[in-house]
Amino acid sequence: MRPSNIPSPSLPPSPLATSQPMPSRKTMREWLLPLSGRSTARAVILLCTDYALLTLLLCATVLLDAWWARILCGAVAGLVIGRLFIIGHDACHQSLTSHRKLNRWLGRIAFLPSLTAYSLWDLGHNTVHHGFTNLKGVDFVWAPLTLDEFRALSPTGRLLQRLYRSGWGPGAYYFVEMWWKKMMFPSRSDLGNRQSHIFTRDCLMVTAFAGLWLGALAMAAHAMQQSMVLTVLAGFVVPLFVWFNLMGFVIYGHHTHVRVSWHNERTAWQRAQPFVTTTVHLTFPLKAGALLHHIMEHTAHHLDMSIPLYRLKDAQARLEELLPGRIVIQPFSAAWYFRTARACKLYDFSRHCWTDFSGNATSKPAAVHG
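Throughout what follows, the structure given in this document is the object of discussion. (Residues numbered from 1 in each chain as written. Predicted model: local features only at pLDDT ≥ 70, side-chain atom pairs only at ≥ 80, totals over all residues. Heavy atoms only, no water.)

### Brief notes about a nonpolar patch on the surface
No. 1: A contiguous nonpolar patch, built from Trp67, Trp68, Leu72 and Val76 and spanning about 470 Å² of accessible area, is present on the exposed surface.
No. 2: On the secondary structure map, Trp68 appears in helix H3 (residues 67-92). (Patch = residues over 30% accessible without salt bridge, like charges linked within 9 Å, V, L, I, M, F, W, Y side chains within 5 Å. Areas by Shrake-Rupley, 256 points an atom, 1.4 Å probe, with all protein chains shown as cover. Salt bridge = Lys/Arg side-chain N within 4 Å of Asp/Glu carboxyl O. Helix = DSSP H or I, 4+ residues; strand = E, 2+ residues; numbered from the N terminus.)

Have a look at this one:
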């Protein structure tokens, strides 16, 4: 029986041939309306389940005897932090439940273990990234530099870009360029004229949570006569290290591909239907995407942010059925990932292609929408 807040489905449209023009975003969202229903009970159960799992894993980083088992539990805790973040991400989009105030508080609670300030994420992600996906100069998420911009960097800046784009540096990218600069200590230019008291409050909440987390680990280590260094390493440093790397990898995989274009001119960007063409559906064997609450079904999410995480799989399948050949679907493999990292270093907006750090084209020129 379908929940009452899910609209009755209309007659399904037939799949569109690639020769037909891309429908409007409004039309495509109408296709997915039957999948936009939200369940408060399901949302709360997901949040409580993941918090309970995180608590058990963090307790294990203190209670277990073998150092490697404690580190392993800390690493798995980092994955669970990612799951909680995705729940908070849905709440921030107001897609987790049907209640706006409840979403705001559930989102803040879910974001705490990832040390994410809710209001700053709302500004940078909902307003900027989703509003202007892959528009250079506005969207800052894995925005590629041009050859001239890269050459104008300091030696340290060029070294950082080589690390970020090497395939080994997504965690460093997220930690430095997004979390540190945008999510915890944003500049005045990032905030504009917006009132800062809500940002300050959320940052203080996150900082206090980090302090309580570290304090609890220190007290537990003392009570158990455990090594303080190992306890903090396993119960705090390792989970956050895994989380930052996981997050950097996920957002890189969402929007970086030789078939995904960037734009530096708003009119051409709008014509390119960026809500569909700038995202990648990264698939994994053994249905491993479910471990991350289906956030890799990312095209459907960018098209319609109101679809809750527990309906994204069906929404993505529906979209791919109706737009065959239009959506970038990429089976994940280490070989593909590092090929992409080698190819997608810089972007040439005059040739509409990715390049290496010397400016040599590494992808086919993208179609220009006139």
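### Overview of the nonpolar core
No. 1: Counting 71 residues, the largest nonpolar core has Trp121, Tyr174 and Trp243 as its most contacted members.
No. 2: Contributions of two or more residues to this core are made by helix H2 (40-63), H3, helix H4 (100-111), helix H5 (118-129), helix H8 (170-184), helix H10 (197-224), helix H11 (228-255) and helix H16 (334-343).
No. 3: Ignoring sequence-local partners within four residues, the contact set of Tyr174 consists of Trp121, Trp179, Trp180, Trp243, Phe244, Met247, Gly248 and Ile251.
No. 4: In this structure, Trp31, Leu32, Leu35 and Leu319 belong to the second largest nonpolar core, which totals 15 residues. (Core = buried A, V, L, I, M, F, W, Y, C linked by side-chain atoms within 4.5 Å. Buried < 20%, exposed > 50% of the residue type's maximum accessible area, 1.4 Å probe, protein only. Contact = heavy atoms within 4.5 Å.)

### A closer look at the environment of Thr97
No. 1: Relative to the helices and strands, Thr97 resides in the loop between H3 and H4.
No. 2: Spatially, the C-alpha atom of Thr97 lies 22 Å from that of Arg318, the residues being 221 residues apart in sequence.
No. 3: One polar contact links the side chain of Thr97 to the main-chain amide nitrogen of His99, over a distance of 3.1 Å. (Polar contact = N/O pair within 3.5 Å; in protein donor to acceptor, adjacent residues only side chain to side chain.)

### Some points on the state of the cysteines
No. 1: Here the structure, examined in full by the defined rule, presents zero disulfides.
No. 2: Cysteine Cys59 is unpaired, with the sulfur of Cys73 as its nearest cysteine sulfur at 10 Å.
No. 3: The thiol of Cys344 is not disulfide-bonded; the next cysteine sulfur, from Cys353, is found 10 Å away.
No. 4: Judged by its relative accessible area of 0%, Cys344 is buried. (Disulfide = S-S within 2.5 Å.)

### Re the packing of aromatic side chains
No. 1: Within the structure shown, the criterion is met by 29 aromatic pairs.
No. 2: Pairing Phe332 with Trp336 gives two aromatic rings, centres 6.2 Å apart and planes at 75°, and the pair type is edge-to-face.
No. 3: Given a relative accessible area of 5%, Trp336 falls into the buried group.
No. 4: Looking at Arg108, its charged tip hangs above the ring of Trp105, at a distance of 5.7 Å from the centre.
No. 5: Positioned over the ring face of Phe140 is Lys182, at 4.8 Å from the centre of the ring. (Phe/Tyr/Trp six-rings, centres within 6.5 Å; stacked < 30°, edge-to-face > 60°. Lys NZ or Arg CZ within 6 Å of the ring centre and 35° of its normal.)

### Structural notes on the pairing of strand S2 (residues 328-331)
No. 1: Only one face of S2 is buried, namely the one carrying Val328 and Gln330, since none of Ile329 and Pro331 on the opposite face is buried.
No. 2: Pairing analysis gives four bridges linking strand S1 (residues 280-283) to S2, with the strands arranged parallel. When the bridges of S2 are listed, Thr283 appears paired with Pro331. (Pairing = 2+ DSSP bridges.)

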